[in-house]
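Reading the structure
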Amino acid sequence: MTTSLGIDRAIQIDESARDLLFREARTANAFTDEPVTDEQLEAIYELVKWAPTSMNTQPLRIVVLRSEEAKARLVPLLAEGNRAKTASAPAVALLAADVDFHDELPKVFPHVPGARDLFSDEDARTGTAELNAGLQIGYLILGIRAVGLAAGPMTGFDAEAVTEEFFPDGRHRVLVAVNIGRPAENAWLDRLPRLDYDEVVTTL
């Protein structure tokens, strides 16, 4: 079994970065009223955009709700347990997969001129969009933590209704909503157990 010293040597970021991004980071359920700024949102995206995606598809699209009016449109579409914390969050990011991501391939995958035509089947394209947007969502949570904010990701909502409300063109699929802000006092639940390495990883 690898020793803790061996693990420490293998990890290339320092202790404070490990804590900020992983070990001490928690899902927030309560937030202060400190605003989330444009600069913070742009800084988050500057990290998110480097997420790996198949053929550099980058299908994630984000709508950020900061006004009380915008959040009021969302809150009734959430599960009961998610409403109060979302209403109190300074910002809520709706994370959607763009079904028409292939229209951007001439820009983001220019070395294969016919790349767009590889995604003519919409059902297959939708699966690709959702899978790769999911990869980007993981990066977004880390990006939120990296700028010193807390993330509260949620899937407890009427996805079809949220999509219709905020992406009415019908070409997007909302996957996750993330509350963003400074955590308030007592923002966390007790940390739940994690599976150990040997329970998850098989080496052949």
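Keep in mind it's a predicted model, so treat the numbers as computed, not measured. Here, residues in each chain are numbered from 1, in the same order as that chain's written sequence. Owing to the predicted nature of the model, reporting of local features is limited to residues with pLDDT of at least 70; listing and counting of side-chain atom pairs is limited to 80 or more, with chain, interface and lining totals taken over all residues. Heavy atoms from the whole structure form the basis of all side-chain values; hydrogens and water molecules are not counted.

1. Some words on the packing of helix 2 (residues 15–23) against helix 7 (residues 122–146)
Fitted lines through C-alpha atoms give the axes, limited to the stretch in contact for helices. The angle between two N-to-C directions lies from 0 to 180 degrees. To qualify as a helix, a DSSP run of H or I must reach at least 4 residues; to qualify as a strand, a run of E must reach at least 2; elements of each kind are numbered from the N terminus. The geometry of helix 2 relative to helix 7 is characterised by a closest axis approach of 9 Å and an angle of 130° between their N-to-C directions. As the angle between them shows, helix 2 and helix 7 are arranged oblique. Crossing handedness for the pair helix 2 and helix 7: right-handed. Of the residues in helix 7, those in contact with L20, L21 and F22 of helix 2 are L142, R145 and A146. Throughout, the ten residues Ala, Val, Leu, Ile, Met, Phe, Trp, Tyr, Cys and Pro are labelled nonpolar, Asp, Glu, Lys and Arg are labelled charged, and all others, Gly among them, are labelled polar. Across the contact of helix 2 with helix 7, the residue classes break down as five nonpolar, no polar and one charged. When describing relative orientation, an angle under 35 degrees is termed roughly parallel and one over 145 degrees roughly antiparallel, while 65 to 115 degrees is termed roughly perpendicular and anything else oblique. Take the far helix as the reference: if the near one is turned anticlockwise from it by less than a right angle, the crossing is left-handed, and if turned clockwise, right-handed. We call two residues contacting when some pair of their heavy atoms lies within 4.5 Å.

2. Re the pattern of salt bridges
Where charged atoms from two side chains of opposite charge approach closely, those side chains can pair. Each salt bridge in this description consists of a side-chain nitrogen of Lys or Arg and a carboxyl oxygen of Asp or Glu lying within 4 Å of one another. The tally for this structure, following the rule as stated, stands at 16 salt bridges. One salt bridge in this structure joins E15 and R23, with 2.3 Å as the shortest N-O distance. Relative accessibility under 20% of the residue-type maximum defines a buried residue, over 50% an exposed one, and the middle range a partly exposed one, all with a 1.4 Å probe and only protein chains included. Residue E15 is classed as partly exposed on the basis of its relative accessible area of 40%. R116 is the salt-bridge partner of D103, the closest N and O atoms lying 2.8 Å from each other. Of the two residues, D103 is situated in the loop between strand 2 (91–98) and helix 6 (105–108) and R116 in the loop between helix 6 and helix 7; the sequence distance between them amounts to 13 residues. Among the charged side chains, a salt-bridge network with shared partners connects D8, E15, R18, D19 and R23.

3. Overview of the side chain of Q136
Looking at the element boundaries, Q136 is found in helix 7. Setting aside its immediate chain neighbours within four residues, Q136 contacts V48, A51, T53, Q58, P59 and L60.

4. A short note on the environment of A17
On the secondary structure map, A17 appears in helix 2. Counting along the chain gives 98 residues from A17 to A115, while the straight-line C-alpha distance between them is 38 Å.

5. Describing a nonpolar patch on the surface
Two joining distances apply to patches: 9 Å for like charges and 5 Å for nonpolar side chains (Val, Leu, Ile, Met, Phe, Trp, Tyr), and every residue must have over 30% relative accessible area and no salt bridge. Residue exposure ignores everything except the shown protein chains as possible cover, and the areas themselves are Shrake-Rupley values with a 1.4 Å probe. Taken together, the side chains of I7, I11, I13 and F22 present a nonpolar region at the surface, about 330 Å² in accessible area. Position of F22 relative to the elements: it lies in helix 2. A relative accessible area of 46% places F22 in the partly exposed class.

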